[in-house]
Amino acid sequence: HPFSDVRGRKALNHSLHRAHLIKYEARGNGRILATCTMPGEFGHNAELRPYSTDEKLARQLFEQAFAGQKKCINALVKSQARRIALFLKACLARAGVQMKMTLASEADMQVFKSKAEWDIYISSCPNPFCHSSFVPSMAVFSHSPFSLCRDPIFDNIYTEAISKINFVYFIILH
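Residues numbered from 1 in each chain as written. Predicted model: local features only at pLDDT ≥ 70, side-chain atom pairs only at ≥ 80, totals over all residues. Heavy atoms only, no water.

Glancing now at the nonpolar core. In this structure, F62, I73, L92, M99, I120 and I122 are the most contacted members of the largest nonpolar core, which totals 19 residues. When contributions to this core are tallied by element, the ones reaching two or more residues are α1 (6–15), α3 (55–66), β1 (72–78), α4 (82–94) and β3 (120–122). Here this core takes four residues from α3, the largest share from any one element. Not counting the four nearest positions on each side in its chain, I122 is found in contact with A75, L76, V77, K78, A81, A85, L88 and M99. (Core = buried A, V, L, I, M, F, W, Y, C linked by side-chain atoms within 4.5 Å. Buried < 20%, exposed > 50% of the residue type's maximum accessible area, 1.4 Å probe, protein only. Helix = DSSP H or I, 4+ residues; strand = E, 2+ residues; numbered from the N terminus. Contact = heavy atoms within 4.5 Å.)

Below you can see the structure in the form of structure tokens.
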């Protein structure tokens, strides 16, 4: 697997055209981040910097990560994430890597996961609040009517973390 090698993961990051992703896929609604959290959110590290888009470096790193093997990635793609997967496929192609896509519905993802060996899963997650706490608040936090579990330890940690977010600052950023 090319992504079990750190050079493959770095190559993937250098192959991504983040500015194009924001412009064309998010319709300009976003900004390039180095993490999956925003300033003021639990776990945010302002010292991290995003990877640069560098197709030449991505090609070199992929060459090393694939170590003479055919440069092809097998991707299992949730059907709702098809556009993002096509974007990623184009970025990888510019870096010399072919991506074979298998589309699956939400219901079929588990079935497909067990039927083949995948290099990457591509999914999407509806997040109307553009906030990293949305999914945990809906699916894991015990007080949610949609919670999949009941874990008082998680609830305490989550409550403490979410209470430290400066929502005024967060709203100004958006």
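Here we take up the packing of helix α2 (residues 18–25) against α4. The geometry of α2 relative to α4 is characterised by a closest axis approach of 11 Å and an angle of 145 degrees between their N-to-C directions. Note that α2 runs across α4; the crossing there is right-handed. From α2, H20, L21, Y24 and E25 reach across to α4, where they touch R83, I84 and F87. Of the residues contributing to the contact of α2 with α4, the split by class is four nonpolar, one polar and two charged. (Axes fitted to C-alpha atoms, helices over the stretch in contact; angles between N-to-C directions. Left-handed = near helix turned anticlockwise from the far one by under 90°. Nonpolar A, V, L, I, M, F, W, Y, C, P; charged D, E, K, R; others polar.)

In this section: unusual backbone geometry. We note that A67 has phi near 45 degrees; this positive angle belongs to a residue other than glycine. Residue position: A67 is located in the loop between α3 and β1.

Burial within β1 is extensive, with six of its seven residues counted as buried. Note: β1 against strand β2 (residues 98–104), seven bridges, orientation parallel. Paired with K78 across the strands is A104, a residue of β2. Handedness of the β1-α4-β2 crossover: right-handed. Relative to β3, β1 runs parallel, the two being bridged by three bridges. Among the inter-strand pairings, L76 is bridged to a residue of β3, identified as Y121. (Pairing = 2+ DSSP bridges. Right-handed = clockwise from strand over helix to strand, strands pointing away.)

Under the definition given, this model contains three salt bridges. Between R7 and D5 there is a salt bridge, with the nearest N and O atoms lying 2.6 Å from each other. Relative accessible area serves as the criterion here: at 32%, R7 is assigned to the partly exposed category. Accessibility expressed as a relative area gives 18% for D5, which makes it buried. Between K71 and E63 there is a salt bridge, with the nearest N and O atoms lying 2.6 Å from each other. Look at E63 and you get partly exposed, because its relative accessible area is 45%. (Salt bridge = Lys/Arg side-chain N within 4 Å of Asp/Glu carboxyl O.)

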